[in-house]
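Structure assessment
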Amino acid sequence: MKNRKVNHALLAGLIFSTLISPAAVAACKGTDLSACPAPFDTTLPDTHKMLTWSQADRVVGFRNDYRNYAGDVFRHGSAVPLEMSDKPLTDAHYQVNGRRYGLKDYLQRQNVSGMLVLKDGKIAWKYLGEGNTDSTLWTSRSVGKSVVSALVGVALKEGKIHSLDDRITRYEPDLKGTAWDGVTLRQLITHTSGVAWNEDYTNPHSDFAQLTECEAKPGTYDCVRKLVKGLGRAHPAGENWSYSSGGAWLLGDVLERATGMTLAAYLEKSIWQPYGMASDGVWHAYSKGQHDVGAHGFNATLEDWGRFGQFILNNGTLPNGKTILPENWIRQSSEWTKAKGSVSDAHPEGLYGYQWWNNEVPANATGVEPTAQDSLKGSLWALGIFGQMIVVNPKENLVIVQWSIWPQAEPSFSAQPLEASLMFSAIARALR
């Protein structure tokens with residue numbers, strides 16, 4: 001072999017090209033991904049009908065969001081494989097309405113297509129269904145709001161954002177004279193802006209439905225900005241909590257203006273590479289390389305969803321020991337707003353924080369185990385329509401990820417969300 005030089009990169013490429021199918025190569029066509037997600041679905045559902053897709057279409061649509069829409073890639077770092085737990089989860093049981101259910105029941109009742117349980121940072125249980133694989137990029141829906149929340153924390157720590165008490169117009173002066181004038185970033189991130197927004201997923205004329213329609217046609221950024229900028233005022237700022245993807249989109253826009261980077265680029269620089277995520281992800285872009293959507297659109301693998309949850313569980317501390325979130329940011333993120341609409345008999349402490357949910361077992365729940373409410377105290381829930389979740393439970397040193405295709409975008413809290421809290425409480429107790 002003397003004097004013969006081997007081009008290892010070329011050799012690796014040749015080997016790789018012989019192992020993957022043309023369909024798998026096509027999965028990367030038009031993207032900047034360094035590896036091709038699997039499976040590859042040849043026919044994609046109509047994005048105009050996203051809110052009314054069948055469940056079969058939802059599986060295909062959610063794992064091909066990076067192909068359905070333009071997207072900006074955030075590249076992975078040098079990952080250390082997640083270790084398997086010495087104490088794996090074999091089963092967990094919960095009780096509701098006089099019936100007892102286990103993990104297998106739960107997967108069926110929740111239409112789960114992927115689930116990961118990390119205990120003490122190790123894999124206690126993992127499930128991939130519907131043909132999904134370790135390389136599948138699943139879309140977050142509003143779980144992405146919680147990722148944006150973390151990025152806002154990073155920007156505060158870096159001084160890119162001065163304070164949550166800054167008014168939006170400090171970063172977006174063209175909003176002076178609109179309903180957003182006078183609203184602070186704290187009110188924006190807690191969804192207490194008082195600006196009117198109809199989030200109804202079943203109403204084809206709601207503001208959210210209009211946002212979805214904007215996303216399915218050219219000129220998305222201008223279309224959404226016109227929609228959000230033209231909103232009226234429903235309540236005085238700070239007095240009422242009302243969930244708003246329009247407000248979350250605006251928070252992402254503020255963050256991009258403050259940092260001078262797209263959400264994908266800022267995520268890659270601050271968290272994705274330094275924390276050591278294992279795979280590239282894609283963020284839904286309204287204008288590729290210029291603007292990513294703050295309300296949703298984060299796409300990543302199951303294990304990297306879990307790593308992000310672990311980053312939050314570790315209070316924003318990187319593997320090198322550097323903490324990139326402000327002191328007490330995670331605790332403050334779960335200081336639930338007491339604004340009208342957030343507090344209820346079910347959740348007397350409040351329902352919503354810095355774009356994280358309180359989905360503890362409701363205080364007024366009946367027909368459940370007496371111990372069910374204890375193990376979720378202080379947990380933070382990133383929730384997306386149709387059942388997407390990252391649950392960070394500091395008390396139990398536990399992270400749980402769930403991908404689902406619920407029949408309804410947002411069922412009653414007494415349905416799937418309640419059963420999720422009961423199961424996740426059961427999992428926590430089973431792993432003690």
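Rules behind the numbers
Residues numbered from 1 in each chain as written. Predicted model: local features only at pLDDT ≥ 70, side-chain atom pairs only at ≥ 80, totals over all residues. Heavy atoms only, no water. Helix = DSSP H or I, 4+ residues; strand = E, 2+ residues; numbered from the N terminus. Rg over C-alpha atoms; globule rule 2.2 N^0.38 Å. Buried < 20%, exposed > 50% of the residue type's maximum accessible area, 1.4 Å probe, protein only. Contact = heavy atoms within 4.5 Å. Areas by Shrake-Rupley, 256 points an atom, 1.4 Å probe, with all protein chains shown as cover. Lys, Arg positive; Asp, Glu negative; His and termini not counted. Charge placed at Lys NZ, Arg CZ, Asp CG, Glu CD. Phe/Tyr/Trp six-rings, centres within 6.5 Å; stacked < 30°, edge-to-face > 60°. Lys NZ or Arg CZ within 6 Å of the ring centre and 35° of its normal. Salt bridge = Lys/Arg side-chain N within 4 Å of Asp/Glu carboxyl O. Axes fitted to C-alpha atoms, helices over the stretch in contact; angles between N-to-C directions. Parallel < 35°, antiparallel > 145°, perpendicular 65-115°, else oblique. Left-handed = near helix turned anticlockwise from the far one by under 90°. Nonpolar A, V, L, I, M, F, W, Y, C, P; charged D, E, K, R; others polar. UniProt positions renumbered as here; feature names shortened; annotations may be inferred. Pairing = 2+ DSSP bridges.

Under an unreviewed UniProt entry, the protein has the name Beta-lactamase family protein and belongs to Enterobacter vonholyi.

Observations regarding the overall build of the protein
Tallying secondary structure elements over the protein gives 14 helices and 12 strands in all. Radius of gyration (C-alpha) of the protein: 21 Å, near the 22 Å computed for a compact globule of 432 residues. Principal-axis analysis of the C-alpha atoms places the extent of the protein at approximately 75 × 55 × 45 Å. When each of the 432 residues of the protein is scored for burial, the buried share is 57%. Across the protein, the fraction of contacts at a sequence separation of at least 24, relative to all contacts at a separation of at least 6, is 69%. Counting every atom, the protein has about 17,800 Å² of accessible surface; 51% of that belongs to carbon and sulfur. Within the protein, the 43 negative side-chain charges are centred at a point lying 4 Å from the centre of the 42 positive side-chain charges.

As for the packing of aromatic side chains
In the structure shown here, the tally under the stated rule is 26 aromatic pairs. Seen in terms of ring centroids, Phe62 and Phe386 are 5.9 Å apart; in terms of plane orientation they differ by 55°. Their pairing is tilted. Of this pair, Phe62 sits in helix H3 (residues 55–63) while Phe386 sits in the loop between strand S10 (380–384) and strand S11 (388–393), and the two are 324 residues apart along the sequence. A ring pair is formed by Trp241 and Trp357, whose centres lie 5.7 Å apart and whose planes are at 85°; its orientation type is edge-to-face. In this pair, Trp241 sits in the loop between helix H9 (220–229) and helix H10 (245–259) while Trp357 sits in the loop between helix H13 (329–333) and S10, placing the two residues 116 residues apart along the sequence. A residue is classified by how much of its surface remains accessible, and Trp357, at 7% relative accessible area, is buried. The ring of Tyr101 is capped by Arg109, whose NZ or CZ atom sits 4.1 Å from the centre of that ring.

Focus: the side chain of Arg141
With respect to the secondary-structure elements, Arg141 resides in the loop between strand S6 (138–139) and helix H6 (143–158). With no salt bridge to any partner, buried Arg141 finds its closest opposite charge in Asp65, at an N-O distance of 4.6 Å. With residues up to four places along the chain from it excluded, the contact list for Arg141 reads Met50, Phe62, Phe208, Ala295, His296, Gly297, Gly384, Ile385 and Gln388.

As for the packing of H6 against helix H11 (residues 263–275)
When two helices pack together, you describe them by how their axes are tilted relative to each other and by the distance separating the axes. The N-to-C vectors of H6 and H11 enclose an angle of 65°; their axes lie 11 Å apart at closest approach. Judged on the interaxial angle alone, H11 and H6 are roughly perpendicular. For the pair H6 and H11, the sense of crossing is left-handed. Counting all contacts with H6, which are made through Val147, Val148, Leu151, Val154, Ala155 and Glu158, the residues of H11 involved are Leu263, Tyr266, Leu267, Lys269, Ser270 and Ile271. Across the contact of H6 with H11, the residue classes break down as nine nonpolar, one polar and two charged.

Here's the deal with the side chain of Gln310
The topology assignment puts Gln310 in helix H12 (residues 302–313). Residue Gln310 is classed as buried on the basis of its relative accessible area, which comes to 10%. Non-local contacts of Gln310, meaning those with residues more than four positions away in its chain, are made with Leu118, Gly121, Tyr275 and Val399.

Some words on the UniProt feature "domain: Beta-lactamase-related" (unreviewed entry) in the protein
Within this structure's numbering, the places UniProt gives as "domain: Beta-lactamase-related" (unreviewed entry) are residues 105–402. Helix makes up 30% of residues 105–402 and strand 15%. Its end C-alpha atoms lie 15 Å apart.

Some words on the pairing of S11
Of all six residues making up S11, six are buried, and the element is well covered by its neighbours. Here S11 shows a buried face lined by Gln388, Ile390 and Val392 and a second buried face lined by Met389, Val391 and Asn393. Relative to S11, S10 is paired through five bridges, and the arrangement is antiparallel. Note on S11: the bridge partner recorded for Leu383 is Met389. Where S10 folds back onto S11 in an antiparallel hairpin, the turn is made up of three residues, including Phe386, whose phi is positive at roughly 65°.

Re the sheet that holds strand S4 (residues 112–119)
The five strands lie next to each other as S5-S4-S12-S11-S10, forming an open sheet whose pairing is antiparallel. A strand with exactly one partner marks an edge of an open sheet, and here the two such strands are strand S5 (122–128) and S10. Across this sheet, the average inter-strand angle for adjacent strands is 5°, counted without regard to direction. As paired elements, S4 and strand S12 (residues 398–404) share seven bridges and run antiparallel to each other. Of the residues in S12, the one forming a bridge with Val117 is Ile400.

A short note on unusual backbone geometry
Between Ala38 and Pro39 the backbone carries a cis peptide bond, its omega angle lying at 0°. Along the chain, Pro39 turns up in the loop between helix H2 (22–28) and H3. Even without glycine at this site, Asp120 takes up a positive phi of about 55°. Tracing the sequence through the fold places Asp120 in the loop between S4 and S5. Given a relative accessible area of 48%, Asp120 falls into the partly exposed group. In this structure, Arg141 is a non-glycine residue whose phi angle is positive, near 50°. For Arg141, a relative accessible area of 4% corresponds to the buried category.

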